[in-house]
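Below are the chains, spelled out letter by letter.
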Amino acid sequence: MSELFLNVTKREHQGKGASRRLRHAGQTAAIVYGGETAPQSITLVQKDINKALLNEAFYSSVITLDIEGTKQDVILVDLQRHPAKDLIMHADFLRVEPTTVVSKRVPLHFTNETACVGVKIGGGKITHVVSEVLITCQAKDLPASLTVDMLKVQAGTVLHISDIVMPEGVQSKDLLLGEDHNGAIASISVARGGAAAE
């Protein structure tokens, strides 16, 4: 289910002092919870989590943790960052099975923007209203991102959440609340005095 892996170790000592000692040793405290198993305290290598976070998909995908030889599929729930330093203070992971229903914010990738009809012919300008949307699905169907194809979008158009082509099994949490929650995701302005305005 997961193509993202992170090697971690079990953590015995708790408390702020223990967490501080871990950070001085280049490590980060974290916890794994959820399912029928008791929460488990773990330790991440700081450089490993920093490298993993460079991959946008790490925030919105299923991750496999290797906890001293025991593999566990999880999703990242929360990150606590240092207010002044480039340092992860703590991470929370939620255990998931393939059929676990999860809610997650996933990034939007807008494609074909330079070839967009509303830009190339209409002379308009694309404005991104949001960069991510909240979805719900089973963990096995969780997409790392959602694609919005701008190729045929005309100038003067406002795209909404309902215009996103969702993968099978994936739903917008906003749309489940009703049409009043069908927010804008992007728009293409009409060029003043340009071909579209005429």
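Small disclaimer: the values here were computed from a predicted structure and weren't measured.

Student: Now, about the nonpolar core: what can you tell me, with residues and values included?
Tutor: Leu108, Val133, Ile135, Val148, Met150, Ile164 and Ile185 are the most contacted members of the largest nonpolar core, which totals 25 residues. Going through the elements one at a time, β7 (101–111), β9 (132–138), β10 (146–149) and β13 (184–188) are the ones with two or more residues in this core. Counting 21 residues, the second-largest nonpolar core is a separate cluster that includes Leu6, Val32, Ile42 and Leu76.

Student: A description of the pairing of strand β6 (residues 88–95) should follow, citing residues and the corresponding values.
Tutor: Within β6, 6 of the 8 residues are buried, leaving the element largely enclosed by the surrounding structure. Pairing geometry for strand β5 (residues 70–81) and β6, over 7 bridges, is antiparallel. Note on β6: the bridge partner recorded for Leu76 is Phe93. In this antiparallel pair of consecutive strands, β5 and β6, the connection spans 6 residues.

Student: Lay out unusual backbone geometry with the relevant residues and their values.
Tutor: Its identity as a non-glycine residue notwithstanding, Glu68 has a phi of 55 degrees, on the positive side. Structurally, the position occupied by Glu68 is in the loop between β4 (63–67) and β5.

Student: Describe in detail the layout of surface pockets, supporting the description with residues and values.
Tutor: One number sums up the size of the largest pocket: a volume of about 230 Å³. Around the largest pocket, the lining is made up of 13 residues, and of these Tyr59, Ser60, Lys104, Arg105 and Glu132 lie nearest the centre. If you list the elements that add at least two residues to the lining of the largest pocket, you get β5 and β7. Among the elements that line the lining of the largest pocket, the one with the most residues is β7, at 5 residues. Within the lining of the largest pocket, the residues separate by chemical class into 6 nonpolar, 2 polar and 5 charged.

Student: Which residues make up the side chain of Arg11, and what are the values?
Tutor: Tracing the chain through its elements places Arg11 in the loop between β1 (4–10) and α1 (16–24). Asp92 provides the closest opposite charge to the buried, unpaired Arg11, separated from it by 7.8 Å. In terms of polar contacts, Arg11 uses its side chain to reach the backbone carbonyl oxygen of Ala30, at 3.0 Å. Within the structure, the side chain of Arg11 is placed 3.1 Å from the backbone oxygen of Ile42, a separation counted as a polar contact.

Student: Tell me about the environment of Leu134, and please be specific about residues and values.
Tutor: Tracing the chain through its elements places Leu134 in strand β9. C-alpha separation for the pair Leu134 and Ala52, spaced 82 residues apart in sequence, amounts to 22 Å.

Student: Summarise the sheet that holds β9; cite the residues concerned and give the values.
Tutor: Pairing in this open sheet of 4 strands is mixed, and the strands run β10-β7-β9-β12 from one edge to the other. Here the strands that pair on one side only, and so sit at the sheet edges, are β10 and β12 (171–172). The pairing of β7 with β9 spans 7 bridges and is antiparallel. Bridge pairing in β9 places Val106 opposite Val133.

Reading the values: rules and limits
Residue indices follow the written sequence of each chain, beginning from 1 at its first position. A pLDDT threshold of at least 70 governs which residues receive local features in this predicted model, and a stricter bar of 80 or more applies before side-chain atom pairs are shown or counted, although totals over entire chains, interfaces and linings include all residues. Each side-chain value is worked out from all heavy atoms of the structure, with water and hydrogens disregarded. For the purposes of this section, nonpolar cores are sets of buried Ala, Val, Leu, Ile, Met, Phe, Trp, Tyr and Cys residues that join through side-chain atoms within 4.5 Å. Exposure classes here rest on a 1.4 Å probe applied to the protein chains alone. A residue is buried below 20% of its type maximum, exposed above 50%, and partly exposed in between. Helix and strand assignments come from DSSP, with helices taken as H or I runs of at least 4 residues and strands as E runs of at least 2, each series counted from the N terminus. Between any two strands, at least two bridges found by DSSP are needed for them to pair. The definitions used throughout rest on a 1 Å grid laid over the protein atoms alone, on which a cavity is an enclosed set of points accommodating a 1.4 Å probe that cannot get out and a pocket is an open set flanked by protein within 12 Å on both sides along at least five of seven lines; lining residues are those having an atom within 4 Å of a point. Grid points are joined across faces, edges and corners, and a volume is the space filled by probe spheres set on the points. Note on residue categories: nonpolar means Ala, Val, Leu, Ile, Met, Phe, Trp, Tyr, Cys or Pro, charged means Asp, Glu, Lys or Arg, and polar means any other residue, Gly included. Only four residue types enter the charge count, namely Lys and Arg as positive and Asp and Glu as negative; His and the chain termini do not. Here, a salt bridge means any side-chain nitrogen of Lys or Arg that lies within 4 Å of a carboxyl oxygen of Asp or Glu. Any N or O atom pair separated by 3.5 Å or less is treated as a polar contact, with the protein-specific requirement of one donor-capable and one acceptor-capable atom, and with residues adjacent in sequence counted only for side-chain atom pairs.

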